[in-house]
Amino acid sequence: MIEFIDTVKIYDNGTKALRGINLTINDGEFVFVRGASGAGKSTLIKLLMHEEVPTSGDVNINGFSVANMKRRDVPFLRRTMGVVFQDFRLIPNMCVYENVAFAMRVIGARPQDIRRRVPYILSLVGLSKKAHSQPSELSGGEQQRVSLARALVNNPSFLIADEPTGNVDPDMSVEIMELFDEINRRGTTIVMVTHDATLVERYGYHRVITIEAGQVVQDIPGSASV
Ligand SMILES: Nc1ncnc2c1ncn2[C@@H]1O[C@H](COP(=O)(O)OP(=O)(O)OP(=O)(O)O)[C@@H](O)[C@H]1O
């Protein structure tokens with residue numbers, strides 16, 4: 001479960017990015033977070049990842065308190081989440097397989113687990129045939145699927161996606177969204193930031209939270225008919 005409790009974030013230059021956010025995201029939910037540029041969406045994500053800490057209030061993530069967390073616990077928090085960015089952030093000189101395997105190596109996974117898990121995850125995102133391609137040889141949609149595979153490989157309890165369809169064409173966006181939906185059906189909680197109103201409308205059966213000037217101004221619950 002993710003809980004924002006009176007969460008305020010004021011940056012050092014005095015910008016009030018979040019002005020008291022109260023939100024609960026339950027396990028298994030799929031939540032869109034939308035809002036205009038500068039509304040505070042990235043700040044919300046940075047708090048989830050402990051890249052920033054709240055100025056006051058707290059964020060509780062699966063029992064971790066972001067405000068009171070010790071530095072040595074941050075890697076454990078990050079292992080509970082997978083993150084997908086708009087710009088993919090793949091390692092350019094590694095093939096698809098290696099990009100995904102690397103995410104397991106850095107947390108000390110055993111080689112035999114890596115050999116078993118990576119092909120499974122690549123098949124889940126439909127990229128088995130591209131395992132030995134370099135990122136530069138892939139389309140935007142394929143690169144985003146690698147980034148999704150990498151985010152999923154350590155079996156996170158939730159996925160954060162920051163404009164995951166921002167750099168792919170509309171057909172690919174639908175493909176990527178179908179994958180996120182499938183992953184959510186398998187039980188992973190998803191928090192997806194997007195500007196894309198068409199996408200939100202199309203997948204309107206998910207919860208939609210709107211942020212404006214650092215506050216939640218609308219919270220439309222999802223329907224259970226997924
Ligand atoms: N490191 C920082 N230092 C100072 N101000 C910041 C910093 N990061 C963000 N801000 C400010 O905080 C506010 C919220 O920014 P944030 O990046 O969270 O918005 P956003 O909704 O993600 O916008 P976008 O859709 O453009 O990415 C903005 O006014 C922004 O200028």
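Rules used in this analysis
Residues numbered from 1 in each chain as written. Predicted model: local features only at pLDDT ≥ 70, side-chain atom pairs only at ≥ 80, totals over all residues. UniProt positions renumbered as here; feature names shortened; annotations may be inferred. Helix = DSSP H or I, 4+ residues; strand = E, 2+ residues; numbered from the N terminus. Rg over C-alpha atoms; globule rule 2.2 N^0.38 Å. Buried ≥ 20, exposed ≤ 12 C-beta atoms within 10 Å, placed from the backbone. Contact = placed C-beta atoms within 7 Å. Core = buried A, V, L, I, M, F, W, Y, C linked by C-beta atoms within 7 Å. Pairing = 2+ DSSP bridges. Axes fitted to C-alpha atoms, helices over the stretch in contact; angles between N-to-C directions. Near = placed C-beta within 6 Å. Nonpolar A, V, L, I, M, F, W, Y, C, P; charged D, E, K, R; others polar. Parallel < 35°, antiparallel > 145°, perpendicular 65-115°, else oblique. Left-handed = near helix turned anticlockwise from the far one by under 90°.

Named according to an unreviewed UniProt entry, the protein chain is Cell division ATP-binding protein FtsE originating from Ethanoligenens harbinense. Turning to the protein chain, the UniProt record has this under Function (unreviewed entry): "Part of the ABC transporter FtsEX involved in cellular division."

S.K.: Sorry, what's going on with the overall build of the protein chain here?
M.R.: The secondary structure content of the protein chain amounts to seven helices and ten strands. Rg of the C-alpha trace for the protein chain: 17 Å, near the compact-globule value of 17 Å for 226 residues, within the 12% margin. Its C-alpha atoms give the protein chain principal-axis dimensions of roughly 45 × 40 × 35 Å. Taken over 226 residues, the protein chain has a buried fraction of 38%. Sequence separation of at least 24 residues holds for 66% of the intrachain contacts in the protein chain that already meet a minimum separation of 6.

S.K.: Can you walk me through the nonpolar core in this structure?
M.R.: Val33, Leu48, Val100, Ala149, Ile160 and Ile190 are the most contacted members of the largest nonpolar core, which has 55 residues in total. Here this core takes six residues from helix 3 (residues 96-105), the largest share from any one element. If sequence neighbours within four positions are ignored, valine 100 has contacts with Val118, Ile121, Leu122, Val146, Ala149, Arg150 and Val153.

S.K.: Help me understand the pairing of strand 7 (residues 158-162), please; the structure alone is not making it clear to me.
M.R.: On a regular strand, each side chain points to the face opposite its neighbour's, so the side chains alternate between the two faces of the sheet. Extensive coverage of strand 7 is indicated by the burial of five of its five residues. By the alternation rule, side chains of strand 7 split into Phe158, Ile160 and Asp162 and Leu159 and Ala161, which are all buried. Where strand 6 (residues 81-85) and strand 7 come together, five bridges link them in parallel fashion. The partner of valine 84 across the bridge, within strand 7, is alanine 161. Relative to strand 8 (residues 189-193), strand 7 is paired through five bridges, and the arrangement is parallel. The residue of strand 8 that forms the bridge with aspartate 162 is valine 193.

S.K.: Got a minute to help me understand the sheet that holds strand 10 (residues 215-220) in this structure?
M.R.: Sheet strands associate in pairs through backbone hydrogen bonding, adopting either a parallel or an antiparallel arrangement. The sheet built from six strands is open, its strands ordered 6-7-8-3-9-10 with mixed pairing. Of all the strands in the sheet, just strand 6 and strand 10 have a single pairing partner and so form its edges. In this sheet, neighbouring strand axes are inclined to one another by 15° on average, regardless of whether the strands run parallel or antiparallel. Bridge count between strand 3 (residues 30-34) and strand 9 (residues 207-212): four bridges; the pairing is parallel. Within the sheet, the bridge partner assigned to valine 31 lies in strand 9 and is arginine 207. Each of strand 6 and strand 7 touches helix 5 (residues 140-152); the most contacted strand, strand 6, lies at about 165° to it. Sitting on the sheet, helix 6 (residues 170-185) is in contact with strand 3, strand 7 and strand 8, with an inclination near 150° to strand 8.

S.K.: How should the site of the ligand be read in this particular structure?
M.R.: Around the ligand sit Tyr11, Asn13, Thr15, Ala17, Gly35, Ser37, Gly38, Ala39, Gly40, Lys41, Ser42 and Thr43, and that is every residue in its neighbourhood. Of the residues forming the shell around the ligand, the biggest block, three residues, is contributed by helix 1 (residues 41-48). Across the shell around the ligand, the residue classes break down as three nonpolar, eight polar and one charged.

S.K.: How should the packing of helix 3 against helix 5 be read in this particular structure?
M.R.: Packed helices, taken two at a time, are described by the angle between their axes plus the distance between the axes. Two numbers describe how helix 3 lies on helix 5: the axes approach to 8 Å, and their chain directions differ by 25°. In terms of orientation, helix 3 lies roughly parallel with respect to helix 5. As helix 3 packs across helix 5, the resulting crossing turns out to be right-handed. The segment helix 3 lies against helix 5, with Val96, Asn99, Val100 and Ala103 engaging Val146, Ala149 and Arg150. Counted by class, the contact of helix 3 with helix 5 contains five nonpolar, one polar and one charged residues.

S.K.: Any chance you could explain the packing of helix 3 against helix 4 (residues 111-124) here in plain terms?
M.R.: Following both chains from N to C, one finds helix 3 and helix 4 inclined at 125°, their axes separated by 10 Å at the closest point. In terms of their interaxial angle, helix 3 and helix 4 are classed as oblique. The hand of the helix 3/helix 4 crossing is right-handed. In this structure, helix 3 uses Val96, Tyr97, Val100, Ala101, Met104 and Arg105 to contact helix 4, whose residues at the interface are Ile114, Arg117, Val118, Ile121 and Leu122. Taken together, the residues of the contact of helix 3 with helix 4 sort by class into nine nonpolar, no polar and two charged.

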